[in-house]
Amino acid sequence: MRGVYVLGVGMIKFGRYPEKDVSELAGEAALLALKDAGMTIKDIQLLASGNLLQANAMVGQRILQQIGQTGIPIINVSNACATGSTAFREAYFAVGSGEYDVAMAVGSEQMGKAGLLGGGGGRESVEGILGSGLMPAVFGQAGVEHMRQYGTKMEHFAKISVKNHKHSTKNPLSQYQTEVALEDVMKARMVAYPNTLYMCCPTGDGAAAAIVCSEAVMKKHSNKPVKVGCSVLTSDPWTPRDLTLPDVSTLTRNAAKIAYEKAGVGPDDIDLVELHDCFATAELLHYENLGFCKDGEAARGVDEGWFEWGGKTPVNVSGGLLSKGHPLGATGVANIYEVVTHLRGQAGARQVENAKVGMAHVIGLGSACTIHILTA
Amino acid sequence: MSQPTAAQPEGKKARPIVPFLRLGDNGDKPHLVAKRCGNCGAVYLGRRVACSKCSATGPFNEIRLSDKGSLWVYSIVYQSAPGIPTPYVAAIVDLPEGASVRCTLIDVEPNPEKLPFGMPVEMVTKKVREDKDGNDVIAFFFRPAK
């Protein structure tokens with residue numbers, strides 16, 4: 001594999017766009033990334049398009065039907081919530097292999113007010129009869145497992161929601177940009193214990209794009225190179241309860257181990273992290289899974305502000321999925337956007353000072369985990 | 001499979017909501033069954049092509065699971081799909097044979113203080129609906145052990 005660099009990134013504000021088609025949202029993000037890279041669609045040699053809810057509807061082709069049908073190869077990617085990051089990985093490999101010099105990944109999703117994901121209603125449904133397959137319940141159970149193991153309290157999860165909402169006030173592209181008080185998070189409507197409304201990511205629409213290229217192309221076009229230090233993808237290995245209570249920790253730990261080895265850095269070298277806080281409970285687990293604190297120490301880290309902007313390892317300074325939003329297929333590329341923006345020193349009011357190494361982590365339940373480490 | 005009971009119209013049957021629930025023939029109690037990998041001992045609910053722990057293609061022996069277990073973890077669901085009554089306790093129950101079961105816990109207050117980890121639980125069955133042919137659909141639940 002040769003070196004791969006991120007040359008351009010673009011992202012539209014996450015929110016609700018009922019008047020638009022998903023290919024328009026994705027096309028807008030792609031144009032932003034092209035502008036950022038100083039390129040046109042004619043420079044792009046391969047497109048990887050991540051979209052989950054329209055996985056059978058050739059979204060990648062529809063993007064180019066909006067912005068330029070150049071006839072390049074298109075890969076349509078679906079990998080649960082890791083859809084966008086897996087698309088980015090496809091673009092990374094296209095360039096890294098030497099076969100292409102410039103490739104683009106676009107992640108997009110139009111969810112509208114999709115409601116809860118993971119469990120259907122209807123006559124044959126077993127939801128509520130055989131437990132729950134709904135995402136809030138599954139990630140609620142994962143949080144309760146941490147409570148069981150380490151005595152973690154609901155307040156610790158709630159504080160993560162407070163943190164991410166606070167972070168989002170400085171991100172103009174965040175779906176929500178409003179602070180919430182701890183008391184309000186705790187007293188909000190319970191969705192699935194211990195996750196209240198503010199501890200669950202919203203549904204919404206969004207798109208993000210990233211252009212990757214070879215070293216030679218990068219040197220010609222950019223004076224702020226960001227290198228892809230590693231691109232790691234894992235699936236869930238067998239663990240004792242994985243088939244009844246999806247184990248989101250082991251595959252993340254496996255991915256982190258590989259990612260640190262490949263990138264040649266350790267957890268202490270990471271200046272900022274965008275990790276998969278689909279629910280507040282999930283974020284707390286990943287502090288330990290990614291090695292940002294010892295096992296059993298995450299609650300203390302929350303209490304002591306280790307993961308806040310200005311803390312030892314700032315986590316989800318974009319606002320995270322909890323407040324920035326989580327349009328499924330867009331999320332993995334939006335994380336890349338955020339990390340790249342900081343590594344270039346272009347993050348404005350939320351800039352993590354002197355950021356040199358950043359991590360983007362995504363989990364798709366079922367399960368898929370991606371980790372990308374980027375370096376300035 | 002179970003036989004029609006006197007309470008049901010002729011030709012109608014009780015049927016389990018999932019294949020790994022056996023309703024119990026000939027006076028036997030309803031119970032869960034699992035497949036155990038003959039190579040590594042991993043236990044699975046439902047059908048199996050091969051073992052996802054050790055990759056062995058068999059043999060898989062059917063085992064009867066205990067109707068008593070313990071509460072591993074839970075969530076309390078307040079917002080669900082349309083038409084599904086809330087709240088309910090969505091639990092993961094461990095059984096002594098090494099199986100872990102996703103289930104709903106009943107006959108308990110949906111309150112974390114009433115749901116201690118490791119709480120002994122027992123299985124019960126009840127009719128949850130009729131299918132389109134008018135057969136009773138029987139599901140299993142767990143409740144605090146009596």
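Here, the structure is the one placed above.
Residues numbered from 1 in each chain as written. Chains lettered and ligands numbered in written order. Predicted model: local features only at pLDDT ≥ 70, side-chain atom pairs only at ≥ 80, totals over all residues. Heavy atoms only, no water.

Draft legend 1. Representation of helix 4 (residues 135–150) of chain A within the structure. For helix 4 of chain A, spanning 16 residues, the distance from its first C-alpha to its last is 23 Å, which sits close to the expected 22 Å at 1.5 Å a residue. Among all positions of helix 4 of chain A, only P136, A137, V138, F139, G140, Q141, A142, G143, V144, H146 and M147 of chain A are buried. If you follow the buried residues of helix 4 of chain A, they end up packed against helix 5 (154–168), strand 5 (190–192), strand 6 (195–196) and helix 9 (280–289) of chain A together with strand 6 (68–77) and strand 7 (88–94) of chain B. Positioned one or two residues after helix 4 of chain A, G151 of chain A has a phi angle of 75°, which is positive. (Helix = DSSP H or I, 4+ residues; strand = E, 2+ residues; numbered from the N terminus. Expected span 1.5 Å × (residues − 1). Buried < 20%, exposed > 50% of the residue type's maximum accessible area, 1.4 Å probe, protein only. Contact = heavy atoms within 4.5 Å.)

Draft legend 2. Layout of the layout of surface pockets. All names here are of chain B. When its volume is computed, the second largest pocket comes out at roughly 560 Å³. Elements with a minimum of two residues in the lining of the second largest pocket: strand 4 (43–44) and strand 8 (100–105). Of the residues that constitute the lining of the second largest pocket, the class distribution is 13 nonpolar, 11 polar and six charged. (1 Å grid on protein atoms, 1.4 Å probe; cavity = no way out; pocket = protein on both sides within 12 Å on 5 of 7 lines; lining within 4 Å. Points joined across faces, edges and corners; volume = space filled by probe spheres on them. Nonpolar A, V, L, I, M, F, W, Y, C, P; charged D, E, K, R; others polar.)

Draft legend 3. Fine view of the pairing of strand 8 of chain B. Residues and elements named next belong to chain B. Of all six residues making up strand 8, five are buried, and the element is well covered by its neighbours. In this sheet, strand 8 lies alongside strand 7 in antiparallel orientation, the contact comprising six bridges. Following the sheet pairing, A91 is matched in strand 8 by C103. Counted along the chain from strand 7 to the antiparallel partner strand 8, the turn is five residues long, and its residue G98 has a positive phi close to 100°. (Pairing = 2+ DSSP bridges.)

Draft legend 4. Main features of the sheet that holds strand 8 (residues 226–235) of chain A. Residues and elements named next belong to chain A. Spatial ordering of the open sheet is given by 3-2-4-7-1-8-11-10-9, a layout of nine strands whose pairing is mixed. If you trace the sheet from one side to the other, it starts and ends with strand 3 (74–77) and strand 9 (272–274), each paired once. Averaged over all adjacent pairs, the angle separating strand axes in this sheet is 25°, with direction ignored. Where helix 1 (residues 22–37) meets the sheet, it contacts strand 1 (5–11), strand 4 (102–110) and strand 7 (205–213), and its direction lies at approximately 35° from that of strand 7. Together, strand 8, strand 10 (357–364) and strand 11 (368–375) form the strand contacts of helix 8 (residues 250–263), whose direction differs from that of strand 8 by roughly 150°. (Axes fitted to C-alpha atoms, helices over the stretch in contact; angles between N-to-C directions.)

Draft legend 5. Representation of the nonpolar core within the structure. Grouped together as the largest cluster of nonpolar side chains are 93 residues, with contacts concentrated most on I373 of chain A together with L105, F140 and F142 of chain B. The leading source of residues in this core is strand 10 (residues 136–144) of chain B, at six residues. The contacts of L105 of chain B, once residues within four sequence positions are left out, are L71, V89, A91, L115, M119, V121, F142 and R143 of chain B. The next biggest cluster of nonpolar side chains, apart from the first, holds 33 residues, and it includes Y92, Y337, A355 and L374 of chain A. (Core = buried A, V, L, I, M, F, W, Y, C linked by side-chain atoms within 4.5 Å.)

Draft legend 6. Highlighting helix 3 (residues 83–96) of chain A. Residue and element names in this part refer to chain A. Taking 1.5 Å of rise per residue, 14 residues should cover 20 Å, and helix 3 covers 20 Å from first to last C-alpha, within 8% of that figure. Of all 14 residues in helix 3, 12 are buried, a share of seventy percent or more. Three or more residues of helix 3 are buried, namely T83, G84, S85, T86, A87, F88, R89, A91, Y92, A94, V95 and G96. Looking at the residues trailing helix 3, positive phi occurs at G98, about 95°.

Draft legend 7. Seen up close, the pattern of salt bridges. One pass over the structure, following the stated rule, counts 25 salt bridges over all chains. Close ionic contact of D303 of chain A with K159 of chain A constitutes a salt bridge, the shortest N to O distance being 2.6 Å. Of this pair, D303 of chain A sits in helix 10 (residues 298–303) while K159 of chain A sits in helix 5, and the two are 144 residues apart along the sequence. Look at K159 of chain A and you get partly exposed, because its relative accessible area is 30%. We note a salt bridge from D131 of chain B to R15 of chain B, for which the minimum N-O separation is 2.6 Å. Note that D131 of chain B is positioned in the loop between strand 9 (120–130) and strand 10 and R15 of chain B in strand 1 (residues 14–16), a separation of 116 residues in sequence. A residue is classified by how much of its surface remains accessible, and D131 of chain B, at 8% relative accessible area, is buried. We classify R15 of chain B as partly exposed; its relative accessible area is 27%. Look at the salt bridges and you will find they share partners, linking K68, D107, E122 and R143 of chain B into a network. (Salt bridge = Lys/Arg side-chain N within 4 Å of Asp/Glu carboxyl O.)

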